[in-house]
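Spelled out from the first residue to the last, the chains are:
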Amino acid sequence: MRTLYLDCFSGISGNMFLGALLDLGFPESHLRQELAKLPVNGYELIIKKVEKQGIAATYLDVKTGFFGQRRHRHLPDITAIIDGSDLPAAVKEDAKKVFLRLAEAEAKVHGTTVDKVHFHEVGAVDTIIDIVGTVLGLHWLGIGRVYTSKLRTGSGFVKCSHGRMPVPAPATAELLRGIAWEHGEIAKELVTPTGAALVAVFSAGSGGVPDGFISDTIGYGAGSWDLEIPNVVRAVLGEAAEAQAQAEYLVIEANIDDLNPQIFPHVMDRLFAVGARDVWLTPIIMKKGRSATRLSVLADSAAFPAAAAAILAETTTIGMRYYPVNRLEAERRTATVETPWGEVRVKVSAVKGQTVNAAPEYEDCRKLAAEHGLPLKIVWQKALSLAWPLYGRTDGGEEQ
Ligand SMILES: O=C([S-])c1cc(C(=O)S)c[n+]([C@@H]2O[C@H](COP(=O)(O)O)[C@@H](O)[C@H]2O)c1
Ligand code: NI
């Protein structure tokens, strides 16, 4: 599993995290293209290579005008901004998780509720960009797990909209519950609430390099300070052998030669009802030349007990095999095309933002074909041809 180790010897903030992901190879063009989908404006994204105590690092800054900085947003405002974009669903969900964690920390510190929390500095456009951008980078780089070193927070006091606050700021301290941290020798705010919220949501462990981690790529994200130590976060990308063994999914199988075949559709329905991701049947020849059926089920590990119980209850098998599997999934979204007979939904799959497949919904095509007395293939082919622009290709194929 692709694993990121963050070496936070000089703290971490939202822009340091995102800068490090850009330094690791997350393309600036993709970041800009995706961020343009957010209904926010009035900001300028500055991305440049800088040097911090001899270390070349990527520095990202979000310059905002007066309105971008001063807006006091609540959590529902931020959620609406994220939901109002055309970003991939998984990116939206992760970004909202980070804002929810920030809101929970603020609510706890100020003795209020999540919905009543006023985001001041942390609700500004730059925070939205840092958080959504970091989530986009983690997704683009295919990072499944994040670990961190002990976080150096810095010490002293910081001036913010509340007045002077101790470092780590109260919201940061709240977000770092359960995460290893120390002040270190620098009297500055090195870990910000945004950096802490990102770590809180994505970190699978803190305090050191995970066992069996083998690194392959290293990037540096620069902070704003010029200190006696390099103000950078070191992002180390690699594979964690230990994490590879923890599969999220199981395949359960049983070879069955003595069940009335009429019952198999019912077995499949039951398995879907108890949470199976997929169920399929394969004709097989068993020992003694017997025709039989292999029942295969893909299920989350958590759904295993219910799926196994359903197989034992509904079929004639008295045992089953199961083994862990990993899955690689393209990002998915649903688009709509307008055919001469009505709307057809199109399932669009993408890898790293590039569409790899656009498939008209079979049931939508079938309904329109029936309503208009047309062959199904005519409706389906028309929908497919209208879906062509969803591939976003510029290599001549657009003439088709
Ligand atoms: O905006 C609010 S309410 C706020 C709360 C707190 C608390 O700890 S409570 C701290 N701060 C300070 O704002 C800046 C911005 O942090 P980013 O995460 O947006 O970089 C930082 O100095 C915080 O300590 C703001
Ligand atoms: Ni606060």
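Residues numbered from 1 in each chain as written. Chains lettered and ligands numbered in written order. Predicted model: local features only at pLDDT ≥ 70, side-chain atom pairs only at ≥ 80, totals over all residues. Heavy atoms only, no water.

**Let's talk about the confidence of the model for the protein chain**
Logical step 1: Across the protein chain, pLDDT averages 91, with 94% of residues at or above 70.
Logical step 2: The complex prediction reports pTM at 0.65, with the ipTM value standing at 0.95. (pLDDT = per-residue confidence, 0-100.)

**Overview of the site of ligand 1**
Logical step 1: Around ligand 1 sit 18 residues, and of these Glu106, His162, Ala171, Glu189 and Thr194 come closest.
Logical step 2: The separation between an oxygen atom of ligand 1 and a polar side-chain atom of Thr194 is 2.5 Å.
Logical step 3: Starting from 570 Å² of accessible surface for ligand 1 in isolation, the protein chains cover 90%.
Logical step 4: With three residues, the single largest contributor to the shell around ligand 1 is helix α5 (residues 89-110).
Logical step 5: When grouped by side-chain class, the residues that make up the shell around ligand 1 number nine nonpolar, six polar and three charged. (Near = heavy atom within 4 Å. Polar contact = N/O pair within 3.5 Å; in protein donor to acceptor, adjacent residues only side chain to side chain. Areas by Shrake-Rupley, 256 points an atom, 1.4 Å probe, with all protein chains shown as cover. Helix = DSSP H or I, 4+ residues; strand = E, 2+ residues; numbered from the N terminus. Nonpolar A, V, L, I, M, F, W, Y, C, P; charged D, E, K, R; others polar.)

**Structural notes on the side chain of Asp7**
Logical step 1: With respect to the element layout, Asp7 can be found in strand β1 (residues 2-7).
Logical step 2: Apart from residues lying up to four places away in sequence, Asp7 is in contact with Ser149, Val233 and Arg234. (Contact = heavy atoms within 4.5 Å.)

**Observations concerning the sheet that holds strand β13 (residues 278-286)**
Logical step 1: Across the sheet, four strands lie side by side as β13-β14-β12-β15; this open sheet has antiparallel pairing. Both outer strands of the open sheet, β13 and β15 (321-325), are each paired with one neighbouring strand and no more. Ignoring which end each strand starts from, the neighbouring axes of this sheet average 25° apart.
Logical step 2: Summarising the sheet, strand β12 (residues 249-256) and strand β14 (residues 290-300) pair through eight bridges and their orientation is antiparallel. (Pairing = 2+ DSSP bridges. Axes fitted to C-alpha atoms, helices over the stretch in contact; angles between N-to-C directions.)

**A few points about the packing of aromatic side chains**
Logical step 1: For the structure on display, the rule yields four aromatic pairs.
Logical step 2: Plain terms: the ring middles of Tyr5 and Phe213 are 6.5 Å apart, the flat faces sit at 50° to each other, and that makes the pair tilted. Pair noted here: Tyr5 is in strand β1 and Phe213 is in strand β10 (residues 213-222), with a separation of 208 residues, a long-range link.
Logical step 3: Residues Trp388 and Tyr391 carry aromatic rings whose centres are separated by 5.3 Å and whose planes lie at 35° to one another, so their mutual orientation is tilted.
Logical step 4: It is Lys188 that lies over the ring of Trp225; its NZ or CZ is 4.8 Å from the centre. (Phe/Tyr/Trp six-rings, centres within 6.5 Å; stacked < 30°, edge-to-face > 60°. Lys NZ or Arg CZ within 6 Å of the ring centre and 35° of its normal.)

**Looking at the sheet that holds strand β18 (residues 354-360)**
Logical step 1: Taken together, the three strands give an open sheet; going across it, the order is β16-β17-β18, and neighbouring strands pair in antiparallel fashion. Here the strands that pair on one side only, and so sit at the sheet edges, are β16 (331-339) and β18. Neighbour-to-neighbour, the strand axes of the sheet open up by a mean angle of 30°, direction not taken into account.
Logical step 2: Sheet topology note: the strand β17 (residues 342-351)/β18 ladder contains six bridges and is antiparallel. In the sheet register, Lys347 faces β18, and the bridge partner there is Ala359.
Logical step 3: In this fold helix α12 (residues 362-372) packs onto β16, β17 and β18, with an angle of close to 160° to the strand it touches most, β17.
Logical step 4: The sheet contacts of helix α13 (residues 376-386) involve β16, β17 and β18, and relative to β16 the element is tilted by about 115°.

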